[in-house]
Amino acid sequence: MGEAITFGADRALTLDSGQTLSPFTIAYRNYGTLNADKSNTILVCHALTLDQFAAGENPVTGRPGWWDLMIGPGKPIDTDRFFVVCSNVLGGCMGTTGPAETNPVTGEPYGLSFPMVTIRDMVRAQAMLLDALGIDKILCVIGGSMGGMQVLQWAASFPKQVVSAVSLAAAARHTAQNIAFHEVGRQAIIADPAWKSGAYALHDTSPAKGLAVARMAAHVTYLSEAALQRKFGRALQNRDSVSFGFGPDFQIESYLHHQGTTFVDRFDANSYLYITRAMDYFDLAADYGGVLAEAFRGSKTRFCIVSFTSDWLFPTAENKRVAHALNAAAANVSFVEIATDKGHDSFLLYEPELFATVRGFLNSVAAAQGVAE
Amino acid sequence: MKTLRPDLTAIAEMIPPHTRVLDVGCGEGELLEYLAAEKQVDGRGVELSQQNVNACVARGLSVVQGDADTDLAEYPSQVFDIVILSQTIQATRAPLAVLRHLLRIGRHTIVSFPNFGHWRVRLSLLIAGRMPNTATLGHRWYETPNIHLCTIADFVAMSHEAGATTERAIALSEEGRTRPMRSDAWAPNLFAEGAIFMLRAKGLQAASAVSINSGRRPEA
């Protein structure tokens, strides 16, 4: 398993909501070796339902980490050269304090008594973790989707610590459509009678059906129409003709059911509610008078913004908005759009141009900082 | 390192070390890579072709996909020491507006372009009565991206209209040789294959001249 650091009463975390979280634990994994002058740290920020097990084998699922293609010896995020840290987000369910953990005041799981957390709160908690690890300069903060939101928040909140930042398939805000899809997922969970107003752990039940539906709806948003059509089309599942019933006639239905049922084994329903809400609340410009460029004013951080042509969840236009704001702030920015039909999830897949971009960008940043090869 | 195109070599020679440079229409980043390696320039690029942009970023350059006609407006004023537009102005929809933005964004602006006043171009029209199809202008009229070709004299007139002062003017020969020229001279307009101008907006002389000559890196 990974590592974890617990911050006691003396290191309470004051959240955007005004509430305080204490004590709390951050679970993390690290890869590679921190160099002598502590200049080779890469912080990897994970997406909504992922975790700290970015590379190597995930000890919970027994499968390769979600970015095992990207992180490792000789890979674009080269663990022979860089010290890589990935932590489970605040509100998560893989060891970092979240609604499934025990509330020390009541001795029962937090459930809905867990305070609302934001992307900025997640970043504050990560900053405390890095501080505890003795790291005050980050060579690169990198992440996709919600991970990219954390990247942008890091660059805005801690510009002096962040040498470079790579945001993939992300945005500086959630749009109405983004919020709408999340609300569908949350209502599916809340409508499950087993949810019990979030206190399912006390009732020994599990809102697995609601969470599975939430995952099914969300999963569709991670793919593109073209990819779905190519992969499934109207192909039927284990049958030659339609059943004139509501069973999973089509392969796409069977596939979504599988996605839903495997998800509930590894994810907590309340965590899903809290983290989707954190994404909905994210609007970086709002903290800077509504002008996104102000979030990056005077920044010396080097940025790389990447979008994917078939991503309709965080489309190129939203990513370009960030690139334009960085330009307007005279920041050092690269913007790459990668042509693929694999949708939002492209950042998790082997896309040669993505890998070339990340490798080239990191090598250039590392060389400029004098990080040994 | 590959040898640079002659006009890019001439441009590179005009750029002091340790300056902050924006290359608009940077292609695959040949000039930016050269300037970073040889002159420790803090370079950025804007390029229309996404494919070229991706190639640039994979080479470690800071480049964004963008269109000179639409995207220069978002850049703040006077944040670059030098802005470069090489062999691109003739392909923009609104060359005067683009030039005004360049003069605003950079303390100095370098523009290179093919000279439509070259004698062979004139001869082609005069004798054959056909649009020229030469080595530098190798497209037929109906498929050329060069929708706003001009002569050196035309460019000089436009630079006056944009409120620019010419700091240097260089004529490019067919063989890639460069020689300084007077921007109002008639001979280069007839014999030069192309031209490179270094301009600045009027009223910006004193402070900018210091920074360019000393090669000091200004604050962002």
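Cut-offs and rules
- Residues numbered from 1 in each chain as written.
- Chains lettered and ligands numbered in written order.
- Predicted model: local features only at pLDDT ≥ 70, side-chain atom pairs only at ≥ 80, totals over all residues.
- Helix = DSSP H or I, 4+ residues; strand = E, 2+ residues; numbered from the N terminus.
- Rg over C-alpha atoms; globule rule 2.2 N^0.38 Å.
- Buried ≥ 20, exposed ≤ 12 C-beta atoms within 10 Å, placed from the backbone.
- Axes fitted to C-alpha atoms, helices over the stretch in contact; angles between N-to-C directions.
- Parallel < 35°, antiparallel > 145°, perpendicular 65-115°, else oblique.
- Left-handed = near helix turned anticlockwise from the far one by under 90°.
- Contact = placed C-beta atoms within 7 Å.
- Core = buried A, V, L, I, M, F, W, Y, C linked by C-beta atoms within 7 Å.
- Domains from an automatic or database assignment.
- Nonpolar A, V, L, I, M, F, W, Y, C, P; charged D, E, K, R; others polar.

(A) Structural view of the overall build of chain B. Within chain B one finds 9 helices and 8 strands. A globule of 220 residues ought to have a C-alpha radius of gyration of about 17 Å, and chain B, at 17 Å, matches this closely. Judged by the C-alpha coordinates and their principal axes, chain B covers about 55 × 40 × 30 Å. Per-residue burial for chain B yields a buried fraction of 48% across its 220 residues.

(B) Expanded view of the packing of helix α3 (residues 176–190) of chain A against helix α8 (residues 269–281) of chain A. Residue and element names in this part refer to chain A. At a minimum axis separation of 10 Å, α3 and α8 run at an interaxial angle of 160°. As the angle between them shows, α3 and α8 are arranged roughly antiparallel. In this structure, α3 meets α8 at a crossing whose hand is left-handed. Contacts between α3 and α8 involve I179, H182, G185, R186 and I189 from the first element and A269, Y272, L273, T276, M279 and D280 from the second.

(C) Representation of the nonpolar core. In this structure, V84, C140 and V141 of chain A together with A195 of chain B are the most contacted members of the largest nonpolar core, which totals 177 residues. Two domains each provide a minimum of three residues to this core, namely domain 1 (3–175 + 282–368) and domain 2 (178–277) of chain A. Beyond its immediate chain neighbours, meaning those up to four positions away, A195 of chain B contacts S112, F113, N115, I152, A169, I170, A171, L172 and P188 of chain B.

(D) View of the interface of chain A and chain B. Between chain A and chain B, the residue contacts involve 21 residues of the former and 17 residues of the latter. Of all the elements in the fold, those that place two or more residues in the side of chain A that touches chain B are β13 (302–308), α9 (316–328), β14 (332–338) and α10 (352–368) of chain A. Per-element tally for the side of chain A that touches chain B: the top contributor is α10 of chain A, with 7 residues. When its residues are assigned to classes, the side of chain A that touches chain B shows 9 nonpolar, 9 polar and 3 charged.

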